[in-house]
Amino acid sequence: MPGQQELEAINRFARTPLTAEQAYTFSLRLCDNEVDRDFERFDGAALERLGELFLGKSGIFDHQWSARGQTARIYRTEVVREPSMTTAAGDEYRWLKGWAYLLRTEKNSDLIAEIEGGIKKEVSVGCSVRRSVCSICGAEEGGCQHVKGHVYDGKLCFTELREPADAYEWSFVAVPAQRSAGVLKRFGQEDGQLTRLRKEAALGRRYLAELRREVVRLAMLADDCLDGGVFAKAAERMEEPELLALKEAYGAQAAKRFPASPQLRPRPAEEERGDAGAFQI
């Protein structure tokens, strides 16, 4: 049962003050600053801001936004620091801890039993952020050619989520995006413009990938001494203007080394007479 201080924090959100016997409390790990399964993560400042935004937010199930699913409410939060642990980004591991309460009613008795038994454990948060930043170059909103999950010069590429704008809810889920907790980073359905932009971005990535492969192919034809693996890695860091210039230069060199041979060539008159070889396959 909650103590007096906890009960005061709970009653800030109750219309009628609750007694300790009426309230069941539990703590949960909302989210952290580790790179998640989607190769995204919150920075430290974002966790602090989310702690403020999640105060008073409802707990539901599977992000189904229905009043019928409202079952608990967060009344206190705290960012926990663990200096002994390091994230994939190389900084100190932190996570947002929340304390929630629900009513001790007959309806909630099964849920309380599942929480106590460790069945209802994983959670995911629904929120929005103002900035999404590439960990490699700092470009925002997918404004670069780096691909999440790829490694560039020994550094993992991921998107860092900064400046949370709002927190909507937190949910009990089966498989959260974050390995320790979970996070749902989109709000609502994508509109037509966003869908079109995503398709155009994917098309642009495929174009650059094909252009890089063609530049590497021409470079290997033009220069036997070139290390293909090293050049391919270098090409991964090049953008379109550099790639087009190299394609033109290496294409010209390759054409000189391997000139095209015409399939039809002039034949001496004596060779043409009585020779049916040209008509044989």
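Asks: I'd like to hear about the packing of aromatic side chains, residue by residue, with values.
Replies: For the structure on display, the rule yields four aromatic pairs. Seen in terms of ring centroids, F26 and W170 are 6.4 Å apart; in terms of plane orientation they differ by 65°. Their pairing is edge-to-face. Residue F26 is found in strand β1 (residues 23–32), and its partner W170 is found in strand β9 (residues 159–172); the two are separated by 144 residues along the sequence. Ring geometry for F231 versus Y250: centroids 5.8 Å apart, planes at 90°, classification edge-to-face.

Asks: Lay out the pairing of strand β4 (residues 72–86) with the relevant residues and their values.
Replies: Relative to β4, strand β3 (residues 58–61) runs antiparallel, the two sharing two bridges. Bridging across to β4, S58 finds its partner in R73. Across ten bridges, the pairing between β4 and strand β5 (residues 92–103) is antiparallel. Counterpart to R81 in the pairing with β5 is R94. Linkage of β4 to β5, two consecutive antiparallel strands, is achieved through a turn of five residues, within which G90 is found at a positive phi near 95°.

Asks: For unusual backbone geometry, give the residues involved together with the corresponding values.
Replies: The backbone phi angle of F39 is positive, close to 55°, even though this residue is not glycine. If you trace the backbone, F39 turns up in the loop between β1 and β2 (40–42).

Asks: Please give an account of the side chain of S132 that cites residues and values.
Replies: Relative to the helices and strands, S132 is located in strand β6 (residues 123–134). Dropping the residues within four chain positions of it, S132 is found in contact with A139, E140, E141, T159, E160 and L161.

Asks: Any details on the layout of surface pockets? Residues and values, ideally.
Replies: Where empty space is left in the structure can be found by rolling a water-sized probe over the atoms. Counted as a void, the second largest pocket has a volume near 400 Å³. Taken together, 21 residues form the lining of the second largest pocket, with Q145, Y152, R212, E236 and R237 sitting closest to its centre. Ranked by residues supplied to the lining of the second largest pocket, first place goes to helix α4 (residues 192–222) with seven residues. Split by residue class, the lining of the second largest pocket holds eight nonpolar, four polar and nine charged.

Asks: Please provide a residue-by-residue account of the environment of S27, values included.
Replies: Tracing the sequence through the fold places S27 in strand β1. Sequence-wise, S27 and A100 are 73 residues apart; in three dimensions their C-alpha atoms are separated by 6.2 Å. Not counting chain neighbours up to four residues away, the residues in contact with S27 comprise K97, G98 and W99.

Asks: Can you explain the nonpolar core? Please cite residues and give values.
Replies: Counting residues in hydrophobic clusters, the biggest one holds 27 residues, and the most contacted among them are F26 and W170. Within the residue set of this core, elements represented by two or more residues are β1, α2 (44–53), β4, β5, α3 (109–116), β6 and β9. At five residues, the largest contribution of residues to this core is made by β1. Counting residues in each nonpolar core, the second largest holds twelve residues, with L211, L218, A222 and Y250 among its members.

Asks: Any details on the pattern of salt bridges? Residues and values, ideally.
Replies: For the structure shown, the criterion picks out 15 salt bridges. Salt-bridge contacts for D91 lead to R41; the nearest nitrogen and oxygen are separated by 3.0 Å. With D91 in the loop between β4 and β5 and R41 in strand β2, this residue pair connects regions lying 50 residues apart in the sequence. Assessed through its relative accessible area of 27%, D91 is described here as partly exposed. Among the salt bridges present, the one from R162 reaches D43, with a minimum N-O distance of 4.0 Å. Of this pair, R162 sits in strand β9 while D43 sits in the loop between β2 and α2, and the two are 119 residues apart along the sequence. Classification of R162 by relative accessible area gives partly exposed; the value is 24%. Each of R41, D43, D91, E160 and R162 takes part in one network of salt bridges that share partners.

Thresholds, definitions, all that
- Note that residues are indexed from 1 along each chain, following the sequence as it is written.
- Side-chain atom pairs in this predicted model are given and counted only at pLDDT of 80 or more, local residue features only at pLDDT of at least 70, and totals for whole chains, interfaces and linings cover all residues.
- Hydrogens and water molecules were not included; the side-chain quantities draw on all heavy atoms of the structure.
- Stacked, tilted and edge-to-face are the three classes assigned to paired rings of Phe, Tyr and Trp, where Trp is represented by its six-membered ring and a pair needs centres within 6.5 Å; plane angles under 30 degrees give stacked, over 60 edge-to-face, the rest tilted.
- Per the convention used, a helix needs a DSSP run of H or I reaching at least four residues, while a strand needs a run of E reaching at least two, with both numbered from the N terminus.
- Pairing between strands requires that DSSP locate at least two bridges from one strand to the other.
- Contacts are assigned to residue pairs that have any heavy atoms within 4.5 Å of one another.
- Two kinds of site are reported from a 1 Å grid over the protein atoms alone, namely cavities, where a 1.4 Å probe fits but cannot get out, and pockets, open sets with protein on both sides within 12 Å along at least five of seven lines, and residues are called lining when an atom falls within 4 Å of a point.
- Grid points are joined across faces, edges and corners, and a volume is the space filled by probe spheres set on the points.
- In this classification, the charged set is Asp, Glu, Lys and Arg, the nonpolar set is Ala, Val, Leu, Ile, Met, Phe, Trp, Tyr, Cys and Pro, and all remaining amino acids, among them Gly, are polar.
- To qualify as a nonpolar core, a set must consist of buried Ala, Val, Leu, Ile, Met, Phe, Trp, Tyr and Cys residues joined through side-chain atoms within 4.5 Å.
- Exposure categories follow from relative accessible area, calculated using a 1.4 Å probe and restricted to protein chains: below 20% of the type maximum is buried, above 50% is exposed, and the middle band is partly exposed.
- Within this document, salt bridges are pairs made up of a side-chain nitrogen of Lys or Arg and a carboxyl oxygen of Asp or Glu, the two lying within 4 Å of each other.

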